[in-house]
Amino acid sequence: MDQTPEYIAAAVVARRVERERRARREAEALLESKALELFHAGQDLRQVSENLAYRIQELETERALTMHLARTDSLTGLLNRGAFTAALVGRLEDAQRTGEPVALFVIDLDRFKNLNDSLGHDAGDQLLVEIGRRLKAGAHEGDVVSRLGGDEFAVIAAGEEVRGRAQELTQLLTQTHAIYGRAIAPGASVGVAVYPHDAADAADLQRFADIALYRAKTAGGSRWAAFDEDLRLATEARHSLETELRRAIPAGDIVPWFQPVVNAADGRIIAAEVLARWNHAERGMIPPGVFVPLAEELGLIGELDGAIFQTACQRAAPWVAEGMIDTISCNVSQRELLDPAFSRKLIARLADTDLPATALTVEITETFLVHDLSLARRHIERLASRGVRIALDDFGTGYSNLRALLQLPIHTVKLDQSLIGGVGRDPRVSKLVRAMLSAAKSLDARIVAEGVEDEAQAIFLRAAGCDRMQGYLFAHPMPAEACEALMRGQAAGAEAPTDRIMAAAATLRTAAF
């Protein structure tokens with residue numbers, strides 16, 4: 001049957017409509033699929049966003065904790081040294097704008113080491129925590145409290161009423177505290193300096209507060225001290241002396257002097273002790289008790305000892321060669337002795353001079369033997385193997401380590417002058433010195449008495465069997481030229497000023513035996 005045009009047109013329309021419906025269904029399915037994908041993507045993005053926010057929060061918390069730990073002392077919870085320094089600088093910058101004074105209190109506990117040694121470090125930590133708690137509880141508004149390290153604390157405060165605040169801090173820290181059932185009253189020394197009256201910047205303010213603290217501690221502790229004009233002048237003088245000392249050592253301005261050591265049998269010079277002397281062009285003679293500790297503090301003592309040693313050995317070599325003396329003795333600082341390479345360095349220095357090793361005596365202290373006997377043994381045995389003699393200096397003032405005389409190759413014992421002062425006058429001192437002389441003699445050690453200043457001491461020591469003596473009775477320390485002249489006069493037959501004393505001592509010794 002033939003299809004009519006109308007039928008054909010309707011069929012075309014129907015097919016078109018079907019295609020459009022199918023296309024619409026496919027589009028709707030696609031849109032639904034894409035919408036679902038977008039929904040899931042949105043969900044994933046939301047989860048990522050939430051995770052990212054959580055991680056950011058974690059990082060912020062970690063950063064805050066790290067910053068806190070970087071600024072805080074882990075034991076006490078106070079600000080640490082780094083944070084304290086930043087706080088002090090910031091406080092002074094504010095003070096520059098406002099014109100308000102700022103006080104810095106530096107606090108150091110008294111006898112803290114004794115507590116650590118007697119009760120242990122845990123007890124020490126407990127006390128530090130308690131001190132931190134007290135300082136924090138007693139802080140005024142605007143105060144900054146810090147633990148600088150060890151048993152040292154600091155408080156940045158307003159610069160008014162410094163005296164009252166210093167007394168308050170001192171009293172606060174002297175209150176007792178129970179540790180392991182024991183009442184501990186630590187006590188503390190406080191030093192204070194004020195900006196801008198005492199210092200113009202943070203570094204000087206802290207330095208001057210430390211200087212004031214040192215004054216408080218040297219005065220006995222458990223007190224406070226303020227930086228003042230006297231301390232300023234002393235600080236400036238010390239700084240000037242430091243500068244001059246650094247220049248004087250390499251320039252050779254500090255030179256060896258010699259104090260003769262006499263034979264107790266006849267009073268004739270037989271040896272000499274080397275002593276450093278600094279005759280300053282403007283200040284005059286600067287005592288060794290001033291510049292030697294300063295050299296140790298500045299780390300210059302090795303350079304100073306080396307320069308004095310080299311010059312002294314070279315200067316004394318002809319005296320030994322001519323038979324005017326048999327040895328010279330040189331003191332060695334504790335810091336040098338603690339250097340494991342000390343004995344090797346000394347042997348090398350000695351080799352650069354003309355002095356025989358057998359003509360050198362190195363003086364060490366008893367405290368060094370106690371401090372590190374193993375290291376002392378290595379040094380002593382190495383030096384002794386080269387012919388260098390070892391003297392135990394200041395014998396009788398420390399531990400009187402007779403065991404060291406038994407175990408180590410020590411050739412000479414030097415009795416300290418603090419013992420010599422009472423011999424011949426105080427029966428107890430005389431008995432003690434006589435016993436020490438007998439003990440050293442029994443161990444074949446030569447005995448030298450230091451600080452002999454009057455005839456009674458010399459007569460007693462000679463009669464008691466002392467081998468050698470030195471002191472103002474015989475000769476003061478003197479320049480090398482004067483010492484050489486004295487020895488040459490003796491060699492030429494000049495009468496020694498102590499000949500009469502030695503003769504009397506010999507008579508007394510003969511009578512005693």
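Everything below is about the structure printed above this text.
The rules behind these values
- Residues numbered from 1 in each chain as written.
- Predicted model: local features only at pLDDT ≥ 70, side-chain atom pairs only at ≥ 80, totals over all residues.
- Heavy atoms only, no water.
- Helix = DSSP H or I, 4+ residues; strand = E, 2+ residues; numbered from the N terminus.
- Rg over C-alpha atoms; globule rule 2.2 N^0.38 Å.
- Buried < 20%, exposed > 50% of the residue type's maximum accessible area, 1.4 Å probe, protein only.
- Arc of directions from axis to C-beta.
- Contact = heavy atoms within 4.5 Å.
- Axes fitted to C-alpha atoms, helices over the stretch in contact; angles between N-to-C directions.
- Parallel < 35°, antiparallel > 145°, perpendicular 65-115°, else oblique.
- Nonpolar A, V, L, I, M, F, W, Y, C, P; charged D, E, K, R; others polar.
- Phe/Tyr/Trp six-rings, centres within 6.5 Å; stacked < 30°, edge-to-face > 60°.
- Patch = residues over 30% accessible without salt bridge, like charges linked within 9 Å, V, L, I, M, F, W, Y side chains within 5 Å.
- Areas by Shrake-Rupley, 256 points an atom, 1.4 Å probe, with all protein chains shown as cover.
- Salt bridge = Lys/Arg side-chain N within 4 Å of Asp/Glu carboxyl O.
- Pairing = 2+ DSSP bridges.

## Some thoughts on the overall build of the chain
At step 1: Assigned secondary structure in the chain consists of 19 helices and 17 strands.
At step 2: In terms of overall size, the chain is more extended than a compact globule, its C-alpha atoms giving a radius of gyration of 41 Å where 513 residues would be expected to give roughly 24 Å.
At step 3: Over its C-alpha atoms, taken along the principal directions, the chain stretches across nearly 170 × 60 × 55 Å.
At step 4: Buried residues in the chain amount to 42% of all 513 residues.

## Quick word on helix 3 (residues 112–119)
At step 1: Here helix 3 has its buried residues at Phe 112, Leu 115, Asn 116 and Leu 119. Down the axis of helix 3, the buried side of the element spans an arc of 100°, and every buried residue falls inside it. Every exposed residue of helix 3 that faces more than 90 degrees away from the buried side is listed here: Lys 113 and Asp 117.
At step 2: If you follow the buried residues of helix 3, they end up packed against strand 1 (102–109), helix 4 (121–137) and strand 5 (182–184).
At step 3: Backbone geometry just downstream of helix 3 places Gly 120 in the positive-phi region, at approximately 100°.

## Observations regarding the packing of helix 7 (residues 229–251) against helix 8 (residues 288–297)
At step 1: Helix 8 packs onto helix 7 with a crossing angle of 80° between their chain directions and a minimal axis gap of 11 Å. For the element pair helix 7 / helix 8, the angle class is roughly perpendicular. Residues Arg 238, Leu 241, Glu 242 and Leu 245 of helix 7 pack against Val 290, Phe 291, Leu 294, Ala 295 and Glu 297 of helix 8.
At step 2: Residues of the contact of helix 7 with helix 8, tallied by class, amount to 6 nonpolar, no polar and 3 charged.

## Some words on the environment of Leu 373
At step 1: In this fold, Leu 373 is placed in helix 13 (residues 373–385).
At step 2: Taking the relative accessible area as the measure of exposure, Leu 373 reaches 33% and is therefore partly exposed.
At step 3: Expressed as a C-alpha distance, the spacing of Leu 373 and Leu 338, which sit 35 residues apart in the sequence, is 11 Å.

## Structural notes on the packing of aromatic side chains
At step 1: Tallied over the entire structure, the rule returns 3 aromatic pairs.
At step 2: Summarising the aromatic geometry, the rings of Phe 208 and Phe 227 are spaced 4.2 Å apart at their centres and angled 10° between planes, so their arrangement reads as stacked. Taken together, the residues span a long stretch of sequence, with Phe 208 in helix 6 (residues 202–218) and Phe 227 in the loop between strand 7 (224–226) and helix 7 at a distance of 19 residues. We note that Phe 208, like Phe 227, is buried.
At step 3: Relative to Phe 291, the ring of Trp 278 lies with its centre 5.8 Å away and its plane at 85°, an arrangement referred to as edge-to-face. One end of the pair, Trp 278, is in strand 9 (residues 269–280); the other, Phe 291, is in helix 8, with 13 residues separating them in the sequence. Pair check on accessibility: Trp 278 and Phe 291 agree, each one buried.

## Structural notes on a nonpolar patch on the surface
At step 1: There is a patch of nonpolar side chains on the surface, built from Tyr 7, Ile 8 and Val 12 and spanning about 260 Å² of accessible area.
At step 2: Classification of Ile 8 by relative accessible area gives partly exposed; the value is 42%.

## Focus: the pairing of strand 2 (residues 144–149)
At step 1: With 5 of its 6 residues buried, strand 2 lies for the most part within the structure.
At step 2: Here strand 2 runs beside strand 3 (residues 152–158); their pairing, made up of 5 bridges, is antiparallel. Counted as the bridge partner of Arg 147 is Phe 153 from strand 3.
At step 3: Between the antiparallel neighbours strand 2 and strand 3 lie 2 residues, among them Gly 150 with a positive phi of about 55°.

## Section: the sheet that holds strand 1
At step 1: Overall, mixed pairing links the 5 strands, which are arranged 2-3-1-6-7 in an open sheet. Both outer strands of the open sheet, strand 2 and strand 7, are each paired with one neighbouring strand and no more. Strand-to-strand twist of the sheet, defined as the mean angle between neighbouring strand axes without regard to direction, takes the value 20°.
At step 2: Bridge count between strand 1 and strand 3: 7 bridges; the pairing is antiparallel.

## Quick word on the environment of Arg 19
At step 1: Here Arg 19 lies in helix 1 (residues 5–71).
At step 2: Under the relative-accessibility criterion, Arg 19 is labelled partly exposed at 45%.
At step 3: A C-alpha to C-alpha distance of 120 Å links Arg 19 and Pro 256, two positions 237 residues apart in sequence.

## Remarks on the pairing of strand 13 (residues 389–395)
At step 1: Counting buried positions over the 7 residues of strand 13 gives 5, a clear majority of the element.
At step 2: Inspection of the sheet shows strand 12 (residues 360–365) paired to strand 13 by 5 bridges, in the parallel sense. The partner of Val 362 across the bridge, within strand 13, is Ile 390.
At step 3: For strand 13 and strand 14 (residues 412–415), the ladder comprises 3 bridges, and the chain directions are parallel.

## Examining the pattern of salt bridges
At step 1: The full count for this structure, using the stated rule, is 30 salt bridges.
At step 2: Where Lys 217 meets Asp 110, a salt bridge forms, and the shortest distance between an N and an O atom there is 3.1 Å. Of this pair, Lys 217 sits in helix 6 while Asp 110 sits in the loop between strand 1 and helix 3, and the two are 107 residues apart along the sequence.
At step 3: Residue classification places Lys 217 among the partly exposed positions, given a relative accessible area of 33%.
At step 4: The residue Glu 242 makes a salt bridge to Arg 238 at a minimum N-O spacing of 3.0 Å. Linking Glu 242 with Arg 238, this pair stays in helix 7, spanning 4 residues, or about one helical turn.
At step 5: Looking at Glu 242, the relative accessible area reads 16%, which means it is buried.
At step 6: With a relative accessible area of 32%, Arg 238 lands in the partly exposed category.

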